[in-house]
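Single-letter residue listing:
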Amino acid sequence: MILLKKKKIVAYSAGRRNGNSETYIKAALMAAEEMGIEVELIRLNECNLQPCKACTMQVCAFKGPEACPLNDDAAWLIEKFLDSDGYLLGAPVWALSPNGLVSVFRDRVFGPKMDSATYDIFGGEPAWVKGRVKVRPGALISVGGAVTENWTSLGLATQFSTTFSAQTQVIDHMNVTQVADMGAAVLRDDYLERAAQLGRNLAYSVLHMDEEKPHWMGDDTPTACPGCHLNIMIVHPGTDRCECAICGRFGKVSMKNGGMVFAMEENDPNDRLTAQGKITHANEIFWVKKNIYEPHKEEIPEKWKPYKDYTANLQTPPSKMK
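Here's a quick rundown of the structure. (Residues numbered from 1 in each chain as written. Predicted model: local features only at pLDDT ≥ 70, side-chain atom pairs only at ≥ 80, totals over all residues. Heavy atoms only, no water.)

Moving on to the environment of Ala180. With respect to the secondary-structure elements, Ala180 resides in the loop between strand E5 (168–176) and helix H6 (189–207). The class for Ala180 is partly exposed, based on a relative accessible area of 47%. Leaving out residues up to four positions away in the same chain, Ala180 has contacts with Asn20 and Gly145. (Helix = DSSP H or I, 4+ residues; strand = E, 2+ residues; numbered from the N terminus. Buried < 20%, exposed > 50% of the residue type's maximum accessible area, 1.4 Å probe, protein only. Contact = heavy atoms within 4.5 Å.)

Dropping the structure here:
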């Protein structure tokens, strides 16, 4: 008898051990387990994860994460993600956005080396990926203590940036407010149930990947952007043009019955929630290099020298004074 491997959701918590973010993550995972999903929880605060050094050679992209000169847990975290079928990230909001650990996690685990949409531009999937490129459903949980949402406005937005490169499709997300003190998460039955429903939605999407593409399963409350289901828009005064700050889709804003209406472009090639959006971005980076950088490359050494030589105020941290 052949035993089928269970589908697995890997969750990453950027909050405290047993903190509010972790509590809601666990509520989601418990609900997913009840649907027959295998789950794993990783506490990012317990990982050795150093900030990316932005190596010019990007050896991690071509030779794999193990080639990174930083000897930490990033390669292990990448393997955990590649071996998963679903993605869940939860984090507390500190100053409008999640704690800095989320950005370090994004830069070390994801980024260009995991950009599945542009692998073909560089000759195909690198060997270290081992055929594990696939669209995964994902979900996000942002937890803040303020009463107003403007104090948590960049929570989900920043978490979204972890999903672009690996083509993780966010099928649900929740923005928690008024939960700050340790243990306060369990005082909100509404949020606990919302987290459980998020877990069920993610589990359903993982279990039905063969029949249904990941699609939005969260709240049906109207939002400015129908792609990321958030309301963070860049508007251009003096015009009717707007663009989503999260997914990059362009659109038009108008007034109807005394309220704002956003009409976002369908199949926008700039939509970074799609593979085409990331290809568009890669091509624009290549254009900048070819048309702005390369024609003036020879001018750089002379112009750069005064700034490279200026070290009068350079301070040495105590850790380097040995």
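The subject of this paragraph is the packing of helix H1 (residues 20–34) against H6. Contact pair H1 / H6: the axes reach a minimum separation of 7 Å and the direction vectors enclose 45°. As summarised for this structure, H1 and H6 are arranged oblique, according to the angle between their axes. At the point where H1 passes H6, the crossing takes the right-handed sense. Note on element contacts: H6 touches H1 through Tyr191, Leu192, Ala195, Ala196, Leu198, Gly199, Arg200 and Ala203, opposite Thr23, Tyr24, Ala27, Ala28, Ala31 and Ala32. In terms of residue class, the contact of H1 with H6 is built from 11 nonpolar, two polar and one charged. (Axes fitted to C-alpha atoms, helices over the stretch in contact; angles between N-to-C directions. Parallel < 35°, antiparallel > 145°, perpendicular 65-115°, else oblique. Left-handed = near helix turned anticlockwise from the far one by under 90°. Nonpolar A, V, L, I, M, F, W, Y, C, P; charged D, E, K, R; others polar.)

Positioned with a positive phi, Leu96 is a non-glycine residue whose angle comes to about 70°. Inspection of the secondary structure puts Leu96 in the loop between strand E3 (86–92) and helix H4 (100–109). If you check the backbone angles, Gln178 has positive phi at about 65° while not being a glycine. Positionally, Gln178 belongs in the loop between E5 and H6.

Another aspect to go through is the side chain of Glu40. When you line up the elements, Glu40 lands in strand E2 (residues 38–43). At 3.1 Å, the side chain of Glu40 forms a polar contact with the side chain of Lys80. (Polar contact = N/O pair within 3.5 Å; in protein donor to acceptor, adjacent residues only side chain to side chain.)

Taken together, the five strands give an open sheet; going across it, the order is E2-E1-E3-E4-E5, and neighbouring strands pair in parallel fashion. Single-partner strands in this sheet number two, and they are E2 and E5. On average, each strand axis in the sheet is inclined to that of its neighbour by 15°, with strand direction left out of account. Looking at chain direction, E3 and strand E4 (residues 136–143) are connected through six bridges and run parallel. (Pairing = 2+ DSSP bridges.)

Here the focus is the side chain of Arg108. Its location among the elements puts Arg108 in helix H4. Its relative accessible area of 6% is what places Arg108 among the buried residues. Of note is the side chain of Arg108, whose polar atom sits 2.9 Å from the backbone oxygen of Gln50. Apart from the residues lying within four places of it in its own chain, the contact partners of Arg108 are Leu49, Gln50, Pro51, Cys52, Cys68, Leu70, Asp72, Ala74, Ile78 and Lys113.

We now examine the sheet that holds strand E6 (residues 233–235). Pairing within the open sheet is antiparallel, and its four strands lie in the order E6-E7-E8-E9. Each edge of the sheet is formed by a strand with only one pairing partner; in this case those strands are E6 and strand E9 (259–264). Here the strands of the sheet are splayed against their neighbours by 35° on average, with no regard to which way each runs. Where E6 lies against strand E7 (residues 241–244), three bridges are found, and the strand directions are antiparallel. The residue bridging Val235 from the neighbouring strand is Cys242, located in E7.

Right, let's get into the packing of aromatic side chains. For any pair of aromatic rings, geometry is given as the distance between the ring centres together with the angle between the planes. Evaluation of the coordinates by the stated rule reveals eight aromatic pairs. Taken together, a centroid distance of 5.0 Å and an interplanar angle of 40° make the contact between Tyr12 and Phe105 tilted. Of this pair, Tyr12 sits in strand E1 (residues 8–13) while Phe105 sits in helix H4; the two residues are 93 residues apart in sequence, bridging distant segments of the chain. The pair formed by Tyr12 and Phe105 is uniform in burial state, with each residue classed as buried. Ring pairing ties together the aromatic residues Tyr12, Phe81, Tyr87, Phe105 and Phe110, which thus form one cluster. When the ring centre of Phe164 is taken as reference, the NZ or CZ atom of Arg272 above it lies at 5.6 Å. Directly above the ring of Trp304 sits Lys308, whose terminal nitrogen or CZ lies 4.6 Å from the centroid. (Phe/Tyr/Trp six-rings, centres within 6.5 Å; stacked < 30°, edge-to-face > 60°. Lys NZ or Arg CZ within 6 Å of the ring centre and 35° of its normal.)

Counting 43 residues, the largest nonpolar core has Tyr12, Leu77, Phe105, Phe160 and Cys228 as its most contacted members. Sorting the residues of this core by element identifies E1, helix H3 (74–82), E3, H4, helix H5 (155–160) and E7 as the ones contributing at least two each. If sequence neighbours within four positions are ignored, Tyr12 has contacts with Ile25, Ile42, Leu44, Leu77, Lys80, Phe81, Tyr87, Leu88, Leu89, Gly90 and Phe105. (Core = buried A, V, L, I, M, F, W, Y, C linked by side-chain atoms within 4.5 Å.)

Function cannot be read off these values alone, since they describe shape.
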